[in-house]
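One letter stands for each residue in the lines below.
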Amino acid sequence: MKYSEILQVNASFQPFYDITNERLDSKNWQYFIANKKFYNILNKVTDILTSPDNGPRSIWIQGTYGTGKSHSTGVIKHLLWDDEKDTDDFINNFEDFQVKAKIKKLRKETRVFPVALKGVSNITDNRTFSLVLEKAVKKSLKDKKIVLKTKSDFERMVHHLEKDLIDWNSIIKSHPKLNMYVNNKAKLIDELKKKEDVEKIMVLESILKEEDLHISFSEIDKWLSEVSNELRDKHIADSMMIFWDEFTSMLELERKSEILSQLQDIAELGRDNKVHLYVVSHRRPSQAGLSADDFEKVLDRFVPLDYAMDPVTTYHIINGAILKKDFTKWEETKNKHLDKEPKFKDLINRIAKNESAAVKDEIIKLFPIHPYAAYLATFVARYIGSTDRSIFDFISNTEKGFAKFIDNEIEESPFMTANRIWDFFIDDFERDTSGNFKSVMDKYKSYIDIIENKGDEYLAIFKGLLLLNGLFRMLSSDETKDSLLVPSQENINMMFSGTRYEKEIDKVLNFIDADKIIPKTPSGLFHVAFSSLPPGEIEKEKEKLFNSYKDIVSIININPGAKDNIRSILTNALLRQNELNLYWAGEQQHIIKTRLSKDFTKPYTAHIAVFVLKNDDEKTAIKAFLKQISTDDEFNSIIFVVIDEEFGNDRYLTLIEYLAQSTVARNRNYKEDEINSSNYAKSTVDEWIKQLQISYSSIIFNGTESNHVNNKIGSYLNSNIVIKIFRYGLENIQHLQKGTVWTIAHSRASI
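All values reported here derive from a predicted model rather than from experimental measurement.

Attention shifts here to the pairing of strand E2 (residues 58-62). Side-chain direction in a regular strand flips from residue to residue, so the side chains alternate between the two faces of the sheet. Among the 5 residues in E2, 5 count as buried, and that is most of the element. Of the two faces of E2, the one lined by Ser58, Trp60 and Gln62 and the one lined by Ile59 and Ile61 are each fully buried. By the bridge criterion, 5 bridges tie E2 to strand E6 (residues 302-306) in an arrangement that is parallel. Paired with serine 58 across the two strands is phenylalanine 302, which belongs to E6. The pairing of E2 with strand E5 (residues 275-281) spans 4 bridges and is parallel. Residue pairing across strands places isoleucine 59 opposite tyrosine 278, the latter belonging to E5.

A few words now on unusual backbone geometry. Among all residues save glycine, negative phi is the norm, and among peptide bonds the norm is trans. The amide bond that connects phenylalanine 367 to the next residue, proline 368, takes the cis arrangement and shows omega of 20 degrees. Mapped onto the secondary structure, proline 368 falls in the loop between helix H17 (357-365) and helix H18 (371-383). The backbone of lysine 274 sits at a positive phi, close to 60 degrees, despite the residue not being glycine. Its place among the elements puts lysine 274 in the loop between helix H12 (256-267) and E5.

With that settled, consider the pairing of strand E9 (residues 606-612). Buried residues dominate E9, accounting for 7 of its 7 residues. Residues Ala606, Ile608, Val610 and Val612 of E9 are buried on one face, and the alternating residues His607, Ala609 and Phe611, pointing to the opposite face, are buried as well. Bridge count between strand E8 (residues 578-584) and E9: 7 bridges; the pairing is parallel. Looking at E9, one finds that tyrosine 583 is bridged to phenylalanine 611. Taking the sense of rotation as the criterion, the β-α-β connection linking E8, helix H30 (residues 589-599) and E9 turns out right-handed. As defined by bridge partners, E9 adjoins strand E10 (residues 638-643) across 5 bridges and the pair is classed as parallel. Note that in E10 the partner of valine 610 across the bridge is valine 641. Handedness of the β-α-β unit built from E9, helix H31 (residues 619-629) and E10 comes out right-handed.

This part is about the pattern of salt bridges. According to the stated counting rule, one finds 40 salt bridges in the structure shown. Between glutamate 162 and lysine 193 there is a salt bridge whose closest N-O contact spans 3.1 Å. Of the two residues, glutamate 162 is situated in helix H6 (residues 153-162) and lysine 193 in helix H9 (residues 185-195); the sequence distance between them amounts to 31 residues. Since its relative accessible area comes to 40%, glutamate 162 is described here as partly exposed. Here the residues in one salt-bridge network are Arg127, Asp153, Arg156 and Glu205, joined through shared partners.

Our next topic: helix H3 (residues 84-92). Where H3 is concerned, the buried positions are Thr87, Phe90 and Ile91. Viewed end-on, H3 has its buried residues packed into an arc of 95 degrees, placing them on one side of the element. For H3, the exposed residues lying more than 90 degrees away from the buried face are Lys85 and Asp89. Buried residues belonging to H3 abut helix H2 (69-81) and helix H4 (97-109).

A separate point is the packing of aromatic side chains. Applying the stated criterion across every chain, the model contains 31 aromatic pairs. Between tyrosine 39 and phenylalanine 94 the ring centres are 5.3 Å apart and the planes differ by 70 degrees, which places this aromatic pair in the edge-to-face class. You can see tyrosine 39 sitting in helix H1 (residues 36-50) and its partner phenylalanine 94 sitting in the loop between H3 and H4, a full 55 residues away along the chain. Here phenylalanine 94 falls in the buried class, since its relative accessible area comes to 3%. Cluster of aromatic residues (ring-pair linked, three or more members): Tyr3, Phe344, Phe367, Phe402, Phe405 and Phe415. Just above the ring of tryptophan 330 sits the side chain of lysine 324; from NZ or CZ to the centre is 4.7 Å. Over the ring of phenylalanine 647 we find arginine 651, and its NZ or CZ is 5.6 Å from the ring centre.

This part covers the sheet that holds E9. The strand order across the open sheet formed by 5 strands is E8-E9-E10-E11-E12, and the pairing between neighbours is mixed. Bordering the open sheet on either side are E8 and strand E12 (704-709), each of which pairs with just one other strand. Averaged over all pairs of adjacent strands, the angle between strand axes in this sheet comes to 25 degrees, irrespective of strand direction. Contacts from helix H29 (residues 562-570) reach E8, E9, E10 and strand E11 (696-701) within the one sheet, and its direction differs from that of E8 by about 115 degrees.

The contact between H6 and helix H10 (residues 198-210) brings their axes to 11 Å, and the two run at 55 degrees. Judged by the inter-axis angle, H6 sits oblique to H10. Pair H6 / H10 crosses with left-handed handedness. Seen from H6, the contacting residues are Asp153, Phe154, Met157 and Leu161; seen from H10, they are Val198, Ile201, Leu204, Glu205 and Leu208. The residue inventory of the contact of H6 with H10, partitioned by class, reads 7 nonpolar, no polar and 2 charged.

Parameters at a glance
Residues numbered from 1 in each chain as written. Predicted model: local features only at pLDDT ≥ 70, side-chain atom pairs only at ≥ 80, totals over all residues. Heavy atoms only, no water. Buried < 20%, exposed > 50% of the residue type's maximum accessible area, 1.4 Å probe, protein only. Helix = DSSP H or I, 4+ residues; strand = E, 2+ residues; numbered from the N terminus. Pairing = 2+ DSSP bridges. Right-handed = clockwise from strand over helix to strand, strands pointing away. Salt bridge = Lys/Arg side-chain N within 4 Å of Asp/Glu carboxyl O. Arc of directions from axis to C-beta. Contact = heavy atoms within 4.5 Å. Phe/Tyr/Trp six-rings, centres within 6.5 Å; stacked < 30°, edge-to-face > 60°. Lys NZ or Arg CZ within 6 Å of the ring centre and 35° of its normal. Axes fitted to C-alpha atoms, helices over the stretch in contact; angles between N-to-C directions. Parallel < 35°, antiparallel > 145°, perpendicular 65-115°, else oblique. Left-handed = near helix turned anticlockwise from the far one by under 90°. Nonpolar A, V, L, I, M, F, W, Y, C, P; charged D, E, K, R; others polar.

Such coordinate-based values are descriptive only and should not be taken to indicate function.
Dropping the structure here:
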């Protein structure tokens, strides 16, 4: 019998939770398994709703993709609003008794009206931000069959349209940007009433401005206060909480500063007007490219909380993706291969030693996925896949994934083991830019043919060892102690316990050690070294390189195209020819001034001095220094650019390591290793430069500072700075602002 006869992949399973698209009768939120991070967040939420102190009254949740942030947000939304009879069963299962008591007490006294949003959704500026938020509030009111007197801007606009004071039909006909949507007033009213279309109301507002007609609208914070107050007056809810998922995209908007300023105004409503924000993002405010002042303002109004990847999220996703179409047969098979083996109970207890009984049950439900393979999948989801959907892809894949495995005879392969995770994610390991899998992949390529010829058991165990090596390097020092990811024989034994490979482990590991494929260390680990070159020689070379490359710019320039690539990003769309030079932000100030006075030689070009941070500690000092000298006569025509994306100590050390390896390999005439290490070094610089395309820089000119997306800096310089430096330049002529104003060319010979 095959597993495919009793199991199948759930084709309709959605591995993500959408807080804005829940069916009104859906109980999917209750499938969430509470964990320590969830209890901590719920505890903070109850505090901001009840605490008498003057602290922040809003929450900012930050965590990577696939951590369960959205689902936990949906749960909190329901716990604060739904009838107590619908939430009691869920709350009664809490293992944190203090949080259980707090949320029960809160719900006896308080009900919180929820508003749900996700992503940018037509937002470009303050006005669209307000309209999208109003629309979300109105939708939530409608879904809950609540009618309020407080009118939205959509309703106010409809009210003015329904009056006959203005000939709206004539206005519609005379403006193509409006009549492309509707051809008469009645149709426009219908569109605004039914759809509350943000784009159409923005077009209508712009036309009214052109026609010199004015309609007043409420500021969003005042409007939210009115809604919240009316909800309280009618005893519908005691406060309002706005849940905004996937807020990361908002931090990437060009006008994010003004939007975040408006967000701060709303966050101020928490104490007196009972309006609270619950922002869910992949970034913290500190990573949003904000100015120091803006960052401090946001921080003062929010309680920042991390929501890191939790293993239970991955277990839950996999369980939801697998259907047991013959539960009785599945139970019988599980009982035979898993339940009756004491070793599996010990393994599951070790994997979930600090987790709840519910987590252990989730691991057991994953059968026929081996418990150890399920455990490793949580790390792949955390460190390798961009989202938890990559794990779902693994489950549904019919070539290398779980869907392929269940097509095997059960008695031949009762467990899906970790080597299949390696097979599916090998391309991701190859593309990994952290360097953790570089030597692991080199080892795989060097010995795969030899291992394959030895047999299936050698191949499975070899892949398991490599997977442990790659994942182990990603752990923090605190996590490595007694880790199940250590590439030890003990862990390999657990990885393949209860499988047909179990009795072959000693034989295979002895071969791998004896043939120096992965030599066993004195501590008993099958550890793949970062390099096979003599460590002593590499360390000596690194000492020399540290002295040679103190200046971060000098090490960036080991990639010959680095400067030109940076120039192409920062000066994209810049009309005037430019001279661009790179400087290390940590250099001594008198050296920087000397270089600046000599480096720019062409008076007709835009002079751009770009400063690179080795680490974030250098940012404050270099900005203060540049602001000071930017008003000096000698430097007041230089455009200073401080790149926010630091090069980083870790990247710097990695680069030094690769350069040292390349030098030692060259000295030993290991040509291939020399070239590979050199290429890895250049790729390290390239990866940093790629990050510049989506990150920000601070522009400092004549004592002022502003922050911009790197690939938009050229356009900003055209319209705000270059025209001030070259007041009579051609770029001041509007119809010439389409191509490069200055280019180098040779004059034609005279005839």
